[in-house]
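Now for the letters of each chain:
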Amino acid sequence: MQSCSSAGGYQSFPAPFIEETVFSPMWALGNVVENQLAVGVFRPAPCRMAFMKKYLLPILGLFMAYYYYSAYEEFRPEMLQGKKVIVTGASKGIGREMAYHLAKMGAHVVVTARSKETLQKVVSHCLELGAASAHYIAGTMEDMTFAEQFVAQAGKLMGGLDMLILNHITNTSLNLFHDDIHHVRKSMEVNFLSYVVLTVAALPMLKQSNGSIVVVSSLADTAMKAVSGIINMQAAPKEECALEIIKGGALRQEEVYYDSSLWTTLLMRNPCRKILEFLYLPSYNMDRFTKN
């Protein structure tokens with residue numbers, strides 16, 4: 001997703017123009033009249049407004065209704081039964097709740113985080129909830145070697161992989177940057193590079209199973225505690241967020257937004273991107289692109 005911002009600026013004019021602007025009252029009067037005429041010229045004609053109300057708005061409404069309500073099938077818990085799933089950052093928060101939901105649905109689960117003791121408790125509870133199998137592998141995503149080996153080991157434990165859920169993030173704080181390059185490097189390694197390493201390592205197994213990759217970004221309780229006092233927002237309920245994420249992964253949805261506000265859904269799920277993809281993707285030679 002991209003955001004745009006406008007910045008102020010100035011425009012230079014030749015000296016005679018500036019002199020006339022400052023010292024000629026008649027120019028000011030003429031400019032007002034000219035602007036009024038310009039407003040009259042560009043004012044939408046009644047017939048044009050009638051056309052928009054009669055045709056354009058209903059078409060737009062139909063498109064929006066199709067886009068939001070006809071794209072996805074209904075989720076069923078049995079979709080995850082017997083599936084082999086990796087969950088990173090699973091020692092607390094949304095990651096832990098996703099592991100519990102998957103266990104209730106009868107999935108095979110391998111969880112990872114840094115805390116071995118906490119992961120043991122998560123795995124034990126997953127087995128109590130009905131997981132087909134549950135394992136843990138403790139380690140840090142600052143180590144790219146561990147990240148690569150973790151996927152291979154998890155695949156051996158489960159006999160394959162159907163879904164990779166990337167949920168981990170390094171501890172950070174919302175402070176101004178003060179030349180701390182080490183912190184920037186650590187954040188990039190854990191929050192970005194490890195995601196790439198895990199994905200590349202998992203791709204061969206996911207291609208065999210026609211599996212899926214889920215990347216999580218949340219404002220649940222764990223994340224909001226880290227920025228407490230800086231961002232004044234109510235934390236999203238982790239249990240409900242976790243379930244919605246799993247549903248989106250099972251249904252192979254491109255994006256999932258869980259929020260009580262309608263504005264979040266409308267603004268984040270921008271249909272303009274879909275329109276642009278529809279218009280421009282046919283001009284790309286995707287076969288040649290994938291071969292390269």
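About the cut-offs
- Residues numbered from 1 in each chain as written.
- Predicted model: local features only at pLDDT ≥ 70, side-chain atom pairs only at ≥ 80, totals over all residues.
- Heavy atoms only, no water.
- Helix = DSSP H or I, 4+ residues; strand = E, 2+ residues; numbered from the N terminus.
- Buried < 20%, exposed > 50% of the residue type's maximum accessible area, 1.4 Å probe, protein only.
- Contact = heavy atoms within 4.5 Å.
- Areas by Shrake-Rupley, 256 points an atom, 1.4 Å probe, with all protein chains shown as cover.
- Patch = residues over 30% accessible without salt bridge, like charges linked within 9 Å, V, L, I, M, F, W, Y side chains within 5 Å.
- Salt bridge = Lys/Arg side-chain N within 4 Å of Asp/Glu carboxyl O.
- Axes fitted to C-alpha atoms, helices over the stretch in contact; angles between N-to-C directions.
- Parallel < 35°, antiparallel > 145°, perpendicular 65-115°, else oblique.
- Left-handed = near helix turned anticlockwise from the far one by under 90°.
- Nonpolar A, V, L, I, M, F, W, Y, C, P; charged D, E, K, R; others polar.
- Pairing = 2+ DSSP bridges.
- pLDDT = per-residue confidence, 0-100.

Let us now look at the overall build of the protein. Of the regular secondary structure elements, the protein holds 12 helices and five strands. For the protein, the proportion of its 292 residues judged to be buried stands at 29%. Counting contacts in the protein only where the partners sit at least 6 residues apart, residues at least 24 apart contribute 70% of the total. Taken as a whole, the protein presents about 20200 Å² of accessible surface, with 59% of it coming from carbon and sulfur.

Together, Ile275, Leu276, Phe278, Leu279, Tyr280, Leu281, Tyr284, Met286 and Phe289 make up an exposed nonpolar region whose accessible area comes to about 1000 Å². Where the nonpolar patch is concerned, the elements lending two or more residues are helix H11 (271-280) and helix H12 (286-291). Position of Phe278 relative to the elements: it lies in helix H11.

We now examine the environment of Leu119. If you trace the backbone, Leu119 turns up in helix H5 (residues 116-129). Linking Leu119 and Gly89, residues 30 residues apart in sequence, is a C-alpha distance of 9.8 Å. Not counting chain neighbours up to four residues away, the residues in contact with Leu119 comprise Ala90, Ser91, Val111, Thr112, Ala113, Tyr136, Ile137 and Ala138.

Once that is clear, we can look at the pattern of salt bridges. Scanning the model with the defined rule gives three salt bridges in all. With a shortest N-O distance of 3.6 Å, Arg76 and Glu78 are connected by a salt bridge. Using a relative accessible area of 39% as the deciding quantity, one classes Arg76 as partly exposed. Notably, a salt bridge pairs Lys186 with Glu142, separated by 3.7 Å at the nearest N-O pair.

Below, the discussion takes up the packing of helix H4 (residues 93-104) against helix H9 (residues 238-250). The axes of two packed helices give the description: the angle between them and the distance between them. Running from amino to carboxyl end, H4 crosses H9 at an angle of 60°, the nearest separation of the two axes being 8 Å. Taken as axis vectors, H4 and H9 run oblique relative to one another. Viewed along their axes, H4 and H9 form a crossing whose handedness is right-handed. Residues Gly93, Ile94, Arg96, Glu97, Met98, His101 and Leu102 of H4 touch H9, and the partners they reach there are Lys238, Glu239, Cys241, Ala242, Leu243, Ile245 and Ile246. Looking at side-chain class alone, the contact of H4 with H9 contains eight nonpolar, two polar and four charged residues.

On to the sheet that holds strand E5 (residues 212-215). Strand order in this open sheet of five strands is E3-E2-E1-E4-E5, and the pairing throughout is parallel. Of all strands in the sheet, those with a lone pairing partner are strand E3 (133-136) and E5, marking the two edges. Here the average twist between neighbouring strands, direction ignored, is 15°. Note that strand E2 (residues 108-112) and E3 share four bridges and pair parallel. Of the residues in E3, the one forming a bridge with Val111 is Tyr136. Helix H6 (residues 144-158) rests against strand E1 (84-88), E2 and E3 of the sheet, and its axis sits at about 160° to E2. The sheet contacts of helix H7 (residues 181-209) involve E1, strand E4 (163-166) and E5, and relative to E4 the element is tilted by about 170°.

Summarising the element assignment, Thr170 is placed in the loop between E4 and H7. Look at Thr170 and you get buried, because its relative accessible area is 9%. Once you skip the residues sitting within four places of it in the chain, Thr170 turns out to touch Lys186, Ser187, Val190 and Asn191.

Looking at the protein as a whole, the pLDDT averages 77, with 64% of positions reaching at least 70. Counted against residues more than four places away or in other chains, residues 1-42, with its pLDDT under 50, gives six contacts.

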